[in-house]
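Residue-level listing of the chains:
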Amino acid sequence: MSGVSKVVRRLRIPLVVLLVAVAGLWLGNNSTLVTSDDEPLLLAHRGLAQTFDVSRVQADTCTAQVILPPEHAYLENTLDSMRAAFDAGADVVEFDVKLTRDGQLAVFHDAVLECRTDTTGTVAEHTMNELRKLDIGYGYTADGGATYPFRGKGVGLMPAAPEVLDAFAGRELLIHLKNDNSADGEALAELLAERPHQQLTVYGEDTAVAAFHTALPEVRATSKAMMKNCLLRYESTGWTGHVPDACRNTQLHLPARYGRWLWGWPNRFANRMAEAGTRVILVADGGDYSAGFDTPETLRQIPKNWPGGIWTNRIDVAAPLTS
């Protein structure tokens, strides 16, 4: 018997074992045969909002000044926009909160007020009463400032967080802590402690979410730090199907470009997380800024039979195409 034949014989069993192991790993983490009859959960970002070209957005861009030509009359983070989103088919509506000078939580997104309102400064520098008097449609323009289609139409439309919670007490809400400080997280925890039966999830900046989660651990919460911790731990054990404790009872917001590197992506991964009490929300790829599935073209990028959630700024477009 030749030397080559002897080597082949010696390696035969290890090779078979290796092939079986690889096949098992592939089968255990492949999503081809994972199907679902359920429709994906639809999450409306800031209600039904005016959209903008994400590719034009930098860290200091005022998105109200780069909107696309308006196709509806709603302004983000208002009761009307949230109501319209639920009416259009949203399962969950997201809104932003910031702490005011008088310790209330205003529903507003931007770092500064001059981006889309008729005053300057920050939410923290004004009382809720002062903020209610602003025109939150003042700064919107789709043509570089030639026209302002919502100027004068947003007066009095900035709500406080309790108004949103009361208006949609029977619906599910996602609350975004926009400021990265403990005070905002603690204020939100104090507010939500009075509403233990509402369907709520909280996410946002690390410090604010940590303070919230410490004060109210029974409410599902997530932050960049929490998501990173979950995914790094999952990458080391996920090939076995195991979901680490860091990934339990939370929520993950994932662009597809990151998901591709996760064991069991897409559907098997989402199902594993769901069994651990965690929901996976798919966001569209948009550079450094998470975008929504807002057009027929982007909606076609969603994995087949996707069992998780879908992030959209145009629920009126997304809902009919995903039902």
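Going by the structure above, here's the rest.
Residues numbered from 1 in each chain as written. Predicted model: local features only at pLDDT ≥ 70, side-chain atom pairs only at ≥ 80, totals over all residues. Heavy atoms only, no water.

*Asks:* Would you take a moment to explain the environment of P159 for this structure?
*Replies:* Here P159 is to be found in the loop between α3 (128-132) and α4 (161-167). Owing to a relative accessible area of 2%, P159 belongs among the buried residues under this scheme. Along the backbone, P159 and L79 are 80 residues apart, and their C-alpha atoms lie at a distance of 7.2 Å. Each residue touching P159, except ones within four places of it in the same chain, is listed here: N77, T78, L79, A106, V107, M128, R132 and V164. (Helix = DSSP H or I, 4+ residues; strand = E, 2+ residues; numbered from the N terminus. Buried < 20%, exposed > 50% of the residue type's maximum accessible area, 1.4 Å probe, protein only. Contact = heavy atoms within 4.5 Å.)

*Asks:* Explanation requested: the pairing of strand β6 (residues 220-223) in the structure shown.
*Replies:* In the case of a regular strand, side chains alternate between the two sheet surfaces. Alignment of strand β5 (residues 200-204) against β6, held across 4 bridges, turns out to be parallel. When the bridges of β6 are listed, T201 appears paired with R220. Running through helix α6 (residues 206-215), the crossover from β5 to the neighbouring parallel element β6 is right-handed. (Pairing = 2+ DSSP bridges. Right-handed = clockwise from strand over helix to strand, strands pointing away.)

*Asks:* Any chance you could explain the packing of aromatic side chains here in plain terms?
*Replies:* Under the counting rule described, the total for this entry stands at 6 aromatic pairs. Centre to centre, the rings of Y203 and W311 are 6.2 Å apart; their planes meet at 85°, and the pair counts as edge-to-face. Placement of the pair is Y203 in strand β5 and W311 in strand β9 (residues 309-312), with a sequence separation of 108 residues. With 5.7 Å between their ring centres and 45° between their planes, W265 and F269 make a pair best called tilted. Just as W265 is buried, F269 falls in that class too. Aromatic ring contacts, followed pair by pair, group Y234, W265, F269 and W306 into a single cluster. (Phe/Tyr/Trp six-rings, centres within 6.5 Å; stacked < 30°, edge-to-face > 60°.)

*Asks:* Mind showing me how you'd approach the packing of helix α5 (residues 182-193) against α6 here?
*Replies:* A packed helix pair is summarised by two numbers, namely the angle formed by the two axes and the spacing between the axes. One can describe the packing of α5 onto α6 by two numbers: an axis separation of 7 Å at closest approach and a directional angle of 35°. When the axes of α5 and α6 are compared, the crossing they make is right-handed. Touching S182, G185, E186, L188, A189 and L192 of α5 are T207, A208, A211, F212 and A215, all from α6. By residue class, the composition of the contact of α5 with α6 is 7 nonpolar, 3 polar and 1 charged. (Axes fitted to C-alpha atoms, helices over the stretch in contact; angles between N-to-C directions. Left-handed = near helix turned anticlockwise from the far one by under 90°. Nonpolar A, V, L, I, M, F, W, Y, C, P; charged D, E, K, R; others polar.)

*Asks:* Whenever I open this one, the side chain of E172 confuses me. Can you help?
*Replies:* Looking at where E172 falls in the secondary structure, it is placed in strand β4 (residues 172-177). In this view, E172 contacts F86, D91, V92, V93, Q199, T201, R220 and R279; residues no more than four positions away in its chain are not counted.

*Asks:* Where do I start with unusual backbone geometry in this structure?
*Replies:* Residue W265 is joined to P266 through a cis peptide bond whose omega torsion reads 0°. Here P266 shows up in the loop between α8 (256-259) and α9 (267-275). The backbone of R46 sits at a positive phi, close to 60°, despite the residue not being glycine. Along the polypeptide, R46 turns up in the loop between β1 (41-45) and α2 (79-88). The class for R46 is buried, based on a relative accessible area of 8%. The backbone of N249 shows a phi angle near 55°, a positive value even though the residue is not glycine. As for its position among the elements, N249 is in the loop between α7 (224-237) and β7 (251-255).

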